[in-house]
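Spelled out from the first residue to the last, the chains are:
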Amino acid sequence: MMDIQSCSELSEPPQMLPPSPGTFVDREELIQHVGDFAVSQGYVVTIKQSKRDRVVVLGCDRGGVYRNRRKSADESSAECTRRRKTGTRLTNCPFEAVGKKDDGLWVLTIKNGTHNHEPIKDISEHPSARRFTEREILIIKEMTEAGLKPRQILKRLRQSNPDLLSTPKHVYNVKAKLRQGNMTVRNFKSLGPQKSAVRNNYLAVTKPSWRQRNPPRVPNLIGGRFVDSQSFTSIDVLNPATQRVVSQVPITTIEEFKAAVFAAKRAFPLWQNTPIVTRQRIMFKFQELIHRDIDKLARIITAEHGKTLKDAYGDVLRGLEEVEHACGLATLQIGEFVSNVSNGTDSYSIREPLGVCAGICPFDFPAMIPLWMFPISVTCGNTFILKPSEKDPGAAVMLAELAVEAGLPNGVLNIVHGTNDIVNAICDDDDIKAVSFVGPNAAGAYVYARASTKGKRIQSNVGAKNHAVVMPDASVEATLNALVAAGFGAAGQKCMALSTVVFVGGLNPWEDKLVEHAKAIKVNEGTESDADLGPVISKQAKEQICRLVQTGVDTGAKLVLDGRNIVVPGYEHGNFIGPTILSNVTINMECYKEEFFGPVLLCMRVGINVPISVPLPFSSFTSCKPSFAGDLNLDGKAGIQFYTRGKTVTQQWKDLPGSNDASLAMASS
C-alpha cells in the first residue's frame, strides 16, 4: 500500500493552460486577453519585449528556483567561474506568447505554453498586485513635492484604493526613481488582476476583432474573454429567408475546449462560496439588461432562425421567465434542520452545487433554451459550459455578453462552438459533472448513453409528437384558431408544436374551414410587418419535410393543402414552406412515425394526447413516452435538484456531567 508521502511525490502539479491564440483589433486588446486569461489560470504575464507598431513578446512574471550557489571545496577557479555564470541566476519560466501585427490586425501565437512552477493560489499576493498605476505614480510625485512621507502618501492612496497591497518601502522606491528623473517608473508593468475585471472585460469586447470580420466570426467565451477561435474550420450561419451569410461559427479546437473547462473549474471554488444573494443580484441585473436589449436579441434570432419577430420576442420572453425564477432561488435552496435528534445531536440538510455543468442546445429556441440552462445552474453556484446550436448561435453569445456585463465573474459562464467533436468532449470530460441536452431523438439517446457511462448526471430532452383530439361538439372558431396556431406557429419548429390532429367523427365537417384558416396565414420574411410564418431553418430541413409529405401521399394519405412550392416575392431563395395538411393518415405511415419539424398538420382518427404549451419555470413537464431520459427535469423544483446535490450534516454538542468516557454504542435519544 502506497503511503501518503509517496503519493504526493508522484502527483503532477496542476496544469496551467496558455490563452487561446487569435486575432485582435489592436495591441492593447491582445495584451489584455493574455493578461486576463493568465490570471484565471494562476500566473501573471509581463511584457518582455515590445515594438509598439510591430511586435510584443509576453512572458510569465514568475520564475522557478535559484540554483545552488554554494562552491564545492575541491572546485577549481575556472570551474567556479563557469558555475557562477550558468548556475547562480534565477531560472526563468519558459512561457512565451508573441503578438505580431499583420495586415492591420494583431495575431497572437503561443511560442511556449509550459511553466516551471506551481499556479499562484492567491493572485492578489503576487508582487504585480503591489505595483502602482500611472495615476498613483503621479499622485506620489505631487505628494513628494508637497513634503509628505511614504507612510502619509500610502495612507492617502488607500483612501481611494482600499485594496492596495503596497508598503511604504514600495512608495520609497518610487520616490527614488522619481528623483532620478524616471517619471514612468517602469514602461511596461506586469498584467496583474484588476479590481473591476468584469467591467474591463465587457468594455474590451464592445469592439473586438471577431466583429471586425466580414462576415463576423462568432467568438468563444473562455475565462471571461470573448476570443476568436484558432480553428481554421468554420460553418456559415445563413439567413433562412435570403441565404445571406449572417456570421461564421468556428469548430472549436479540443485545446480551446479544455481551456474553457479549466477556466470553469478554476472559477468554481470562489463562485460556490459567493453568497446566494450576490448571485441573485447578478441575475436581477441580467434580467434588466435582457429587457434593455430585447429588440437586438429578437432581430438576431429572426436573422439566423427565420421565425417572425413576434415569435422571436416570445422566444426571449419565455427564457426571461427562467431568469426571473433564478432571481428568487434563495428561498428554493433552503434546507431542513432537525434539532436534538438524539441527546446533544442536531442534523441539517443543505443543497450544494455540483461543480462544472454543461448545456447542449438545439436551434429551435436560440434564446429560451440557453436561458433554461445556465441562469439556474450558475445561481445554484455551479460554473457552466454552453454549446449553442451551430445554426443560430448569435442570441446565446449576446446573452453571454449581457451576463458578463451584469457582473458574472470570469470563468463562471463559458461558450464553445462546434458539432460532434465538442458534444463528445462534453460527454467524456471528467471535470464536467452534469449535462443538459435538448434536441432530436437519436442525438439525445446518444448523449444520454455516452455521458451516463462516464457517471455524469444527465437530462436529455428529445423530440415530441403532440396530438390534439377534436370532439364533434367543439367550438368551431376557437378550435380552428388553436389548431392553426399550435400547428403552424414558428413554422412548426418547436418541440411543443402540434403535429397530429385526431378528429372524432371524421375530418369532413372541419376540412374546408381548416383549409380556409390555413390559407389566411401570411408567409413572409420574419421582419416583414405582415409575416405570420417565416422560413424553416435550412435547405436540408425543407428537403426533409417535403420528403416526409411525399411519403405520406405515396402511402395513401390525402394532400388537402400543399405548401411545398410556395414562393415569397423578394425572397425567392428562402427556405419557405406554406401550411400543409395531410388527411387519412395512419399510424403505420412514415410521416406519422417520424417527427415533423415543419408547418405540417396530420389529420387522423386515433390518439390520446392533447397539445400543451411551454411550461412556466416553476412547473415541470415531461412525457410518459421516451421523450426524456434522466431523473430530473429542467423546470420547477426538479431543475434546482438537478443542478444541486443534497448533503446531510450531523453535529454533536455535548456537555453532559458525570462521564468523560467515549461510548461505542449506537446513538439514540
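Residues numbered from 1 in each chain as written. Predicted model: local features only at pLDDT ≥ 70, side-chain atom pairs only at ≥ 80, totals over all residues. Heavy atoms only, no water.

The name an unreviewed UniProt entry gives the chain is methylmalonate-semialdehyde dehydrogenase (CoA acylating), with Juglans regia as the organism. Under the UniProt heading Sequence similarities (unreviewed entry), the note attached to the chain is "Belongs to the aldehyde dehydrogenase family." (UniProt positions renumbered as here; feature names shortened; annotations may be inferred.)

Engineer: Break down the packing of helix H18 (residues 476-488) against helix H19 (residues 508-519) for me, with residues and values.
Structural biologist: The N-to-C vectors of H18 and H19 enclose an angle of 55°; their axes lie 10 Å apart at closest approach. Comparing the axis directions of H18 and H19 gives the class oblique. You can see that H18 and H19 cross each other, and the crossing is right-handed. Contacts from Val476, Glu477, Thr479, Leu480, Asn481, Leu483, Val484 and Phe488 of H18 reach H19 at Trp510, Lys513, Leu514, His517 and Ala518. Of the residues that constitute the contact of H18 with H19, the class distribution is 8 nonpolar, 3 polar and 2 charged. (Axes fitted to C-alpha atoms, helices over the stretch in contact; angles between N-to-C directions. Helix = DSSP H or I, 4+ residues; strand = E, 2+ residues; numbered from the N terminus. Parallel < 35°, antiparallel > 145°, perpendicular 65-115°, else oblique. Left-handed = near helix turned anticlockwise from the far one by under 90°. Contact = heavy atoms within 4.5 Å. Nonpolar A, V, L, I, M, F, W, Y, C, P; charged D, E, K, R; others polar.)

Engineer: Summarise the sheet that holds strand S1 (residues 22-24); cite the residues concerned and give the values.
Structural biologist: With respect to topology, 5 strands assemble into an open sheet ordered S1-S5-S4-S3-S2, the strand pairing being antiparallel. At either margin of the open sheet sits one strand with a lone partner, and together these are S1 and strand S2 (45-51). Looking at each pair of strands side by side, their axes are set apart by 25° on average, direction ignored. (Pairing = 2+ DSSP bridges.)

Engineer: Hey, could you go over the pairing of strand S5 (residues 105-112) for me, with residue numbers and the actual values?
Structural biologist: Along any regular strand the residues' side chains alternate between the sheet's two faces. Judged from the 3 bridges that link them, S1 and S5 form a sheet pairing that is antiparallel. The residue of S5 that forms the bridge with Thr23 is Val107. One ladder, built from 7 bridges, connects strand S4 (residues 96-102) with S5; its direction is antiparallel. If you follow Lys101 over to S5, its bridge partner there is Trp106. Hairpin connection of S4 to S5: 2 residues between the antiparallel strands, including Asp103 at a positive phi of 55°.

Engineer: How would you summarise the nonpolar core if you had to cite specific residues and measurements?
Structural biologist: With 59 residues, the main nonpolar core has Phe286, Ile290, Leu386 and Leu413 as its most contacted residues. Counting residues per element, this core draws most heavily on helix H15 (residues 394-406), which supplies 10 residues. Ranked by size, the runner-up nonpolar core spans 47 residues in total, among them Val536, Cys546, Tyr592 and Phe596. (Core = buried A, V, L, I, M, F, W, Y, C linked by side-chain atoms within 4.5 Å. Buried < 20%, exposed > 50% of the residue type's maximum accessible area, 1.4 Å probe, protein only.)

Engineer: Outline helix H5 (residues 150-160), supporting the account with residue identities and numerical values.
Structural biologist: Structural remark: α-helix, 3.6 residues per turn; residues separated by three or four positions point the same way. Turning to H5, its buried residues number three or more, namely Pro150, Ile153, Leu154 and Leu157. For H5, the angular spread of buried residues about the axis comes to 100°, placing them on one side. Away from its buried face, by an angle of more than 90 degrees, H5 presents the exposed residues Arg151, Lys155 and Gln159. (Arc of directions from axis to C-beta.)

Engineer: Lay out the packing of aromatic side chains with the relevant residues and their values.
Structural biologist: According to the stated counting rule, one finds 4 aromatic pairs in the structure shown. On the numbers, 5.2 Å between centres and 55° between planes, the contact of Tyr43 with Phe95 is tilted. Taken together, the residues span a long stretch of sequence, with Tyr43 in the loop between helix H2 (27-41) and S2 and Phe95 in the loop between helix H3 (77-87) and S4 at a distance of 52 residues. One exposure class covers both Tyr43 and Phe95, and it is buried. For the ring pair Phe286 and Phe374, a centre distance of 5.9 Å and an interplane angle of 40° mean the geometry is tilted. One end of the pair, Phe286, is in helix H10 (residues 276-292); the other, Phe374, is in helix H14 (residues 368-379), with 88 residues separating them in the sequence. The class for Phe374 is buried, based on a relative accessible area of 1%. Directly above the ring of Trp271 sits Arg279, whose terminal nitrogen or CZ lies 6.0 Å from the centroid. (Phe/Tyr/Trp six-rings, centres within 6.5 Å; stacked < 30°, edge-to-face > 60°. Lys NZ or Arg CZ within 6 Å of the ring centre and 35° of its normal.)

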